[in-house]
Amino acid sequence: MQLVTIILYVAALVAMVALVIRFIIQGGLFIYSALSGAPYVSTKASIDAILRAVPIGADMRFLEVGCGDGRVARRAVQLLGVRAVGIDIDPLLIWNAKRASKSIPKTKLDYQRANIHKTDTSKYRVFYLFLLPKLLLKTVEKIKADRTTKKPILIISHAFKIASIQKALIHTEKAKPYNTYYYQL
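Rules used throughout
- Residues numbered from 1 in each chain as written.
- Predicted model: local features only at pLDDT ≥ 70, side-chain atom pairs only at ≥ 80, totals over all residues.
- Heavy atoms only, no water.
- Helix = DSSP H or I, 4+ residues; strand = E, 2+ residues; numbered from the N terminus.
- Buried < 20%, exposed > 50% of the residue type's maximum accessible area, 1.4 Å probe, protein only.
- Lys, Arg positive; Asp, Glu negative; His and termini not counted.
- Salt bridge = Lys/Arg side-chain N within 4 Å of Asp/Glu carboxyl O.
- Polar contact = N/O pair within 3.5 Å; in protein donor to acceptor, adjacent residues only side chain to side chain.
- Contact = heavy atoms within 4.5 Å.
- Arc of directions from axis to C-beta.
- Pairing = 2+ DSSP bridges.
- Right-handed = clockwise from strand over helix to strand, strands pointing away.

**Thoughts on the side chain of R74**
And then number 1: As for its position among the elements, R74 is in helix α4 (residues 71–80).
And then number 2: Buried and without a salt bridge, R74 has D69 as its closest oppositely charged side chain, separated by 4.6 Å.
And then number 3: Engagement of the side chain of R74 in a polar contact is seen with the backbone oxygen of D69, the distance being 3.2 Å.
And then number 4: Those residues in contact with R74 that sit more than four places away from it in its chain are D69, A97, A100, S101, I104, L109 and Y111.

**Side note on helix α5 (residues 91–100)**
An α-helical segment advances 3.6 residues per turn. Residues three or four places apart therefore align on the same side.
And then number 1: L93, I94, N96 and A97 are the residues of α5 that are buried. What you see down the axis of α5 is that its buried residues fit within an arc of 160°, all on one side.
And then number 2: For α5, the N-terminal capping position is held by D90, with its side-chain oxygen 2.9 Å away from the main-chain nitrogen of L92.

**What to know about the side chain of T180**
And then number 1: Tracing the backbone through its elements, the reader meets T180 in strand β7 (residues 180–184).
And then number 2: A polar atom in the side chain of T180 sits 2.7 Å from the side chain of H158.
And then number 3: Apart from residues lying up to four places away in sequence, T180 is in contact with I50, I156, S157, H158, H171, T172 and E173.

**A look at the pattern of salt bridges**
And then number 1: Per the counting criterion, the structure on display carries 5 salt bridges.
And then number 2: Here D69 and R71 are joined by a salt bridge, their closest N and O atoms 2.5 Å apart.
And then number 3: For D69, a relative accessible area of 12% puts it in the buried group.
And then number 4: A salt bridge links K106 to D110, with the nearest nitrogen and oxygen atoms 3.5 Å apart.

**Quick notes on the environment of A168**
And then number 1: Structurally, the position occupied by A168 is in the loop between β5 (154–158) and β6 (169–173).
And then number 2: Sequence separation of A168 and Q184 is 16 residues, and the distance between their C-alpha atoms is 5.5 Å.
And then number 3: For A168, the residues in contact, after removing those within four places along its chain, are Y182, Y183, Q184 and L185.

**A word on the pairing of strand β2 (residues 84–88)**
And then number 1: The buried count for β2 comes to 5 of 5 residues, which makes it a mostly enclosed element.
And then number 2: On β2, burial covers both faces: A84, G86 and D88 on one face and V85 and I87 on the other are all buried.
And then number 3: Examined bridge by bridge, strand β1 (residues 62–65) and β2 share 4 bridges and lie parallel to one another. Looking at β2, one finds that V65 is bridged to I87.
And then number 4: Assessed by its sense of winding, the connection that carries the chain from β1 through α4 to β2 is right-handed.
And then number 5: Remark: the β2/α5/strand β3 (residues 109–113) crossover connection has right-handed handedness.

**Some thoughts on unusual backbone geometry**
And then number 1: A cis amide bond links K176 to the next residue, P177, at an omega of 5°.
And then number 2: Position of P177 relative to the elements: it lies in the loop between β6 and β7.
And then number 3: Although it is not a glycine, A159 adopts a positive phi angle of roughly 90°.
And then number 4: Considering the arrangement of structural elements, one finds A159 in the loop between β5 and β6.
And then number 5: Residue classification places A159 among the buried positions, given a relative accessible area of 15%.

Honestly, that's just the spatial picture; any functional story needs more than this.
Structural data, given as structure tokens:
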């Protein structure tokens, strides 16, 4: 009788954990990212329109910071042929991004659990950022500090203008619910 009760409790616990994980993966709750100041909010605007608004060559390495489910990096590879990396601090988001991108070779697209402030950004020429303003400013300063070449870099900021580099604004893509801002440094 005790063994049956234990088995039932374990089965109920496993079922509950599975439901929570499913809820998390479907975008309902990403506590880890939110606690670090970077809550997960997926890009709702047309990703194709965002990526086509300014020229991005296939030779330009693409970094999606706070990639969440990786939809922008994935689409950049599919649409533009770039080599892309998506980084996020949340391991569940990275797992979900990898799961959704199985058909794309790792030589073209990779996702890594990483903190932008500990990541070398010098090898990238295009950055997609959908971050809250405070983290956005810190990230742009990190990107500028890592720069080792005079080749221009493109920073795409979804939803928020970047005051510290406003003079470098080259385009604004108007869309709902958020505009997207393009800066060339």
